[in-house]
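# A closer look at the structure
Each chain is listed here by its residues.
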Amino acid sequence: MLKLLPATSLCNANFNNNRLGSDGIRILCCSIRSCSLEELSLSSNSIGPEAGQYLAQLININCSIQEVLLSHNQLGSEGIVALTKGICNCCIKWIDISDINIGPGAGAVLAELINNNQSMNVINLSGNQLNSDFIMALSTNLKGCSMENIELAFNDICSDAGEALVDLITNNKIKCMDFIGNELGSQYTRKLEACRQNCDLTIIDYLESESDSFVSIDSDSSDSDIIEVSGLGRCFHMGGGGGGGGGGGGGGAP
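Just so we're clear, the structure is a prediction, and the values are computed from it rather than from any experiment. (Residues numbered from 1 in each chain as written. Predicted model: local features only at pLDDT ≥ 70, side-chain atom pairs only at ≥ 80, totals over all residues. Heavy atoms only, no water.)

### Details of the overall build of the protein
Filter applied, for reference: Numbering of helices and strands runs from the N terminus; a helix is a DSSP stretch of H or I covering at least four residues, while a strand is a stretch of E covering at least two. Residue contacts follow a heavy-atom distance rule, with two residues in contact if any of their heavy atoms lie within 4.5 Å.
On a plain count of helices and strands, the protein comes out with 7 helices and 13 strands. Long-range pairs, those at least 24 residues apart, make up 79% of the contacts in the protein between residues at least 6 apart in sequence.

### Regarding the pattern of salt bridges
For clarity, the threshold we go by: Should a side-chain nitrogen of Lys or Arg be within 4 Å of a carboxyl oxygen of Asp or Glu, the pair is scored as a salt bridge. Accessibility here uses a 1.4 Å probe with only protein chains present; expressed as a share of the type maximum, an area under 20% marks a residue as buried, one over 50% as exposed, and anything in between as partly exposed.
Counted under the stated rule, the structure contains 1 salt bridge. For glutamate 148, the salt bridge identified is with lysine 175, shortest N-O distance 3.5 Å. One end of the pair, glutamate 148, is in the loop between strand S6 (146-147) and strand S7 (149-151); the other, lysine 175, is in the loop between strand S8 (173-174) and strand S9 (176-182), with 27 residues separating them in the sequence. Residue class for lysine 175 comes out partly exposed when judged on its relative accessible area of 38%.

### Describing helix H5 (residues 132-141)
Selection rule: When we speak of the arc, we mean the arc of directions from the helix axis to the C-beta atoms. Pairing of N or O atoms within 3.5 Å defines a polar contact, subject to two protein rules: one partner must be a possible hydrogen donor and the other a possible acceptor, and residues neighboring in sequence count only if both atoms are side-chain atoms.
Among the residues making up H5, those that are buried are Ser132, Phe134, Ile135, Leu138 and Ser139. The arc that holds the buried residues of H5, viewed along the axis, is 155°, so those residues lie on one side. Facing away from the buried surface of H5 by more than 90 degrees, the exposed residues are Asp133 and Thr140. The opening residue of H5, the one whose side-chain oxygen lies 3.1 Å from the backbone nitrogen of aspartate 133, is asparagine 131.

### Comments concerning helix H4 (residues 107-116)
What H4 keeps buried is the set Gly107, Val109, Leu110, Ala111, Leu113 and Ile114. As for H4, its buried residues are in contact with helix H3 (76-86), strand S5 (122-124), H5 and S6.

### Observations concerning unusual backbone geometry
Notably, arginine 19 is not glycine yet its phi reads approximately 50°, a positive angle. Counting through the fold element by element, arginine 19 comes out in the loop between strand S1 (12-14) and helix H1 (21-31). Despite not being glycine, serine 44 shows a phi value in the positive range, around 55°. Following the sequence through the fold, serine 44 ends up in the loop between strand S2 (39-41) and helix H2 (51-61). Overall, serine 44 belongs to the partly exposed group, its relative accessible area being 28%.

### Quick look at the packing of H3 against H4
Cut-off, in case you're wondering: Only the stretch in contact is used when a helix axis is fitted, and all axes are lines through C-alpha atoms; the angle between N-to-C directions ranges over 0 to 180 degrees. In what follows, roughly perpendicular refers to angles from 65 to 115 degrees, roughly parallel to angles under 35, roughly antiparallel to angles over 145, and oblique to any angle outside these ranges. Rotating anticlockwise by less than a right angle from the far helix to the near helix defines a left-handed crossing, while the corresponding clockwise rotation defines a right-handed one.
Close contact between H3 and H4 brings their axes to 9 Å; oriented N to C, the two are set at 30°. Comparing their axes, H4 and H3 come out roughly parallel. Crossing of H3 against H4: the hand is left-handed. Note on element contacts: H4 touches H3 through Val109, Leu110, Glu112 and Leu113, opposite Ile80, Val81 and Thr84.

### Looking at the environment of asparagine 73
Relative to the helices and strands, asparagine 73 resides in the loop between strand S3 (67-69) and H3. When residues no more than four places from it in sequence are discounted, the contact partners of asparagine 73 are Leu42, Ser43, Ser44, Asn45, Ser46, Ile47, Asp99, Ile100 and Asn101. In terms of polar contacts, asparagine 73 uses its side chain to reach the backbone carbonyl oxygen of leucine 70, at 2.9 Å. There is a polar contact of 3.2 Å between the side chain of asparagine 73 and the backbone oxygen of serine 71.

### Regarding the nonpolar core
Nonpolar side chains in soluble globular proteins tend to be buried together. Heads up, the rule is: What we call a nonpolar core is a set of buried Ala, Val, Leu, Ile, Met, Phe, Trp, Tyr and Cys residues that are connected through their side-chain atoms within 4.5 Å.
Formed by 58 residues in total, the largest nonpolar core has its most connected members in Ile97, Leu110, Ile123, Leu125 and Leu152. When residues of this core are traced back to their parent elements, those giving at least two are H1, H2, H3, H4, H5, helix H6 (162-170) and S9. Not counting the four nearest positions on each side in its chain, isoleucine 97 is found in contact with Leu70, Ile80, Ile102, Leu110, Ile123, Asn124, Leu125 and Asn128.

### Some thoughts on the side chain of serine 98
With respect to the helices and strands, the residue serine 98 is situated in the loop between strand S4 (94-96) and H4. The class of serine 98 is buried, set by a relative accessible area of 6%. Beyond its immediate sequence surroundings of up to four residues, serine 98 is in contact with Ser71, His72, Asn124, Leu125, Ser126 and Asn128.

### Some thoughts on the side chain of asparagine 73
Judged by its relative accessible area of 1%, asparagine 73 is buried. Of note is the side chain of asparagine 73, whose polar atom sits 3.1 Å from the backbone nitrogen of serine 46.

Written as structure tokens, this is what we have:
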């Protein structure tokens with residue numbers, strides 16, 4: 001049984017792959033509430049939606065937490081709603097909620113989560129069955145945020161989200177977005193080209209599952225600000241230039 005740990009005795013808590021379940025999370029959150037945590041890793045623990053409220057309480061009490069990793073659980077949209085309602089103005093900089101079965105109806109909720117926590121600069125939403133409706137809701141509700149990275153890889157985002165993606169990019173200061181494993185199509189690249197003057201992106205990775213097309217946009221490249229779309233035979237000038245080079249591919253801690 002977990003005991004209440006003394007304050008400052010734990011900085012980085014890695015409880016990945018322990019099948020804690022929601023009851024285990026409730027006990028754990030009570031046990032570590034006095035610790036000066038900076039990173040909390042709870043990936044692959046069979047965590048259900050009811051754990052959202054426990055996690056929110058812990059994050060509110062323990063304001064030193066900067067990274068929360070919750071990937072490969074079953075929090076779902078209900079758990080995200082509880083987490084969103086429970087935390088506001090927290091110190092989290094990086095949250096990984098990939099592969100937690102969020103579903104397409106949580107766009108407005110996740111926009112609220114980002115809007116209410118301005119310190120957040122990396123959010124991983126990969127592998128959550130998010131579709132074009134999700135992108136439209138996120139774009140409508142998210143305005144003026146500054147994000148280092150929004151990861152949307154391996155979802156169900158199609159070409160009809162093109163305009164919403166353009167709005168999402170131009171209305172917010174997002175430096176990096178990852179679209180690998182979606183089906184945006186070549187029409188997406190044309191829509192992105194149209195907004196290039198307002199685009200402050202460092203990298204966009206794009207993989208269309210049917211044509212294996214890849215896009216890497218590096219607006220800070222010292223060599224060129226031309227991007228090549230492999231498999232489509234197209235190149236686009238994205239504006240900007242100068243400065244140090246960026247890399248390809250999203251993911252990972254900031």
